[in-house]
Amino acid sequence: MEGGHPQLSRYQEMIQNSLIYIENHLHEEIGLEDVASQALLSPYHYHRVFREEVGMTVVDYIRHRRMSLASIALRSTDAGILDISLACGFESQEAFTRAFRKMYGMPPGRFRKLFDLKLFTGKTRGGEIEMNAAAIKGWMLTGSHPQNYEMGIDPAEVHQGKASGYLKAVTPMEPNEFATMMQQFRADKYVGKRMKLSGFVKTDRVDAFCGLWMRVDNHVHDVLQFDNMHDRPITGTQPWNQYSIVLDVPAESAVISFGVILNGKGKVWVDSFRFEEVDKNTPVTHMETEYEMSDEPLNLSFEE
């Protein structure tokens, strides 16, 4: 392992702060120059860094987020399409309809009829509408006390697209109970590569700990690489932001697992995951679990 201490891309904290700025100004006029100035970088330099970290340009990201807010409004409110288009920064309903059709494959009126939240659920909890799911394709619920947690699809809280995944505590718990929404797959395609897991996370009243995690095991389930963001936890109530983990996949790797972990009470939403190879100059975030073994027994009388 290179480095010896878990560390992130030197730009990631800057990008995270920028994403918070964007989230807080989505209903205002905002462009590349505005966001770049917050990071104290030139627009050209910031554009390159943002695209490398997030996977799209700043302009595309802002448009995607505004479209997501529009899709939520269409599905969960009775607001007029013109009002929604103006709130999302479009000068006309026609321009909004063209952009919405390009992203969602249909005009906003048809989207509202097809995906009205009342078609998915007839109940609300404290004003919050959710579509519960006993199973989500590719994902499983596990942990120390999975029976005290719930995972599902939430079309009312979206980062991009039509829905996000969520994990939340639903019953009173003892300290240190946790659950994870996770998946695992064979490591064969990724052996010898350095892989980056990134995703967008939003939290509500997380009182203990929340984070993405990723683990690489060999055939006998020994841990080869692991990170659960324990040194950079997400707590409290936080807006959508991007987090990442970078691990090597050694030659003897057999299984890769990843997901989001929620320790204690609260709720977390996840969306827009990416799993991709990065070059060897990208620092790994592996948590060092090895320790130095002595050559002989020590302190047998417990006097030291």
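Residues numbered from 1 in each chain as written. Predicted model: local features only at pLDDT ≥ 70, side-chain atom pairs only at ≥ 80, totals over all residues. Heavy atoms only, no water.

(A) Expanded view of the side chain of Glu177. Within the fold, Glu177 resides in the loop between strand S6 (164–169) and strand S7 (178–186). This buried residue, Glu177, is left without a salt bridge; Lys265 holds the nearest opposite charge, at 9.8 Å. Within the structure, Glu177 has its side chain in polar contact with the side chain of Asn148 (distance 2.7 Å). Setting aside residues no more than four positions away along its own chain, Glu177 makes contact with Ser144, His145, Asn148, Tyr149, Leu262, Asn263 and Gly264. (Helix = DSSP H or I, 4+ residues; strand = E, 2+ residues; numbered from the N terminus. Buried < 20%, exposed > 50% of the residue type's maximum accessible area, 1.4 Å probe, protein only. Lys, Arg positive; Asp, Glu negative; His and termini not counted. Salt bridge = Lys/Arg side-chain N within 4 Å of Asp/Glu carboxyl O. Polar contact = N/O pair within 3.5 Å; in protein donor to acceptor, adjacent residues only side chain to side chain. Contact = heavy atoms within 4.5 Å.)

(B) A look at a negative patch on the surface. Negative charge collects at one region of the surface, where Glu29, Glu33, Asp34 and Glu91 lie side by side. Within the fold, Asp34 resides in helix H2 (residues 32–38). We classify Asp34 as partly exposed; its relative accessible area is 33%. (Patch = residues over 30% accessible without salt bridge, like charges linked within 9 Å, V, L, I, M, F, W, Y side chains within 5 Å. Areas by Shrake-Rupley, 256 points an atom, 1.4 Å probe, with all protein chains shown as cover. Charge placed at Lys NZ, Arg CZ, Asp CG, Glu CD.)

(C) Structural context of the packing of aromatic side chains. Inspection of the entire model under this criterion finds 13 aromatic pairs. Measuring from centroid to centroid gives 5.5 Å for Phe90 and Phe96, while their planes differ by 70 degrees, and the two rings are edge-to-face. The class for Phe90 is buried, based on a relative accessible area of 17%. Look at Trp139 and Phe273: their rings are 5.6 Å apart centre to centre, the planes differ by 35 degrees, and that puts the pair in the tilted class. Here Trp139 is found in the loop between strand S3 (131–132) and strand S4 (140–143), whereas its partner Phe273 is found in strand S12 (residues 267–278), with 134 residues between them in sequence. Looking at Phe273, the relative accessible area reads 24%, which means it is partly exposed. Aromatic rings pair up to connect Trp139, Phe185, Tyr190, Phe258, Phe273 and Phe275 into one cluster. The cationic tip of Lys202 hangs over the ring face of Trp269; the distance from NZ or CZ to the ring centre is 5.7 Å. Across from the ring centre of Tyr166, 4.6 Å away, lies the NZ or CZ of Lys267, which sits over that ring. (Phe/Tyr/Trp six-rings, centres within 6.5 Å; stacked < 30°, edge-to-face > 60°. Lys NZ or Arg CZ within 6 Å of the ring centre and 35° of its normal.)

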